[in-house]
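Summary of the model geometry
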Amino acid sequence: MVKCQFITLKVWDEEQIKSFCNIFIERTKNKVSDSTIEKVLENKEISGIPFILYVVLVLNIYN
């Protein structure tokens, strides 16, 4: 038997995603277009996971 710890990644709801995007914009001074936020919300099953959302915003994947 293998014992290990794991993390379950859960999707944020729309309000949490928008809040994170706004805080990201404020703190990093990066521009995030409304279309990027819309695409994140459309694909929130994947993009709404906090770590993935951060990567999407930093790498500007949807632009």
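Residues numbered from 1 in each chain as written. Predicted model: local features only at pLDDT ≥ 70, side-chain atom pairs only at ≥ 80, totals over all residues. Heavy atoms only, no water.

Here we look at the environment of Ser47
Threshold: Every helix listed is a DSSP run of H or I at least four residues long, and every strand listed is a run of E at least two residues long, numbered separately from the N terminus. Burial here depends on accessible area, computed with a 1.4 Å probe over protein chains only, as a share of the maximum for the residue type. Under 20% is buried, over 50% is exposed, and the range in between is partly exposed. Throughout, a contact is declared for two residues whenever any of their heavy atoms are within 4.5 Å.
Along the polypeptide, Ser47 turns up in helix H3 (residues 44-47). Exposure remark for Ser47: the relative accessible area of 2% places this residue in the buried category. A C-alpha to C-alpha distance of 12 Å links Ser47 and Phe20, two positions 27 residues apart in sequence. The contacts of Ser47, once residues within four sequence positions are left out, are Val40, Ile52, Leu53, Val56 and Tyr62.

Some details on helix H4 (residues 50-59)
Because an α-helix completes one turn every 3.6 residues, residues spaced three or four positions apart along the sequence face the same direction. Stated precisely, the cut-off is as follows: Think of it as the arc spanned by the lines of direction from the helix axis to the C-beta atoms.
Buried within H4 are the following residues: Leu53, Val56 and Leu57. Buried positions in H4, seen along its axis, are confined to an arc of 95° and lie on one side of it. Opposite its buried face, H4 presents the exposed residues Phe51 and Leu59, each directed more than 90 degrees away. One or two positions beyond H4, positive phi appears at Asn60, with a value near 55°.

Concerning helix H2 (residues 34-42)
Every buried residue of H2 is accounted for by Thr36, Ile37, Val40 and Leu41. One face of H2 carries all of its buried residues, which in axial projection span an arc of 135°. Across from the buried face of H2, at angles greater than 90 degrees, the exposed residues are Asp34 and Glu42.

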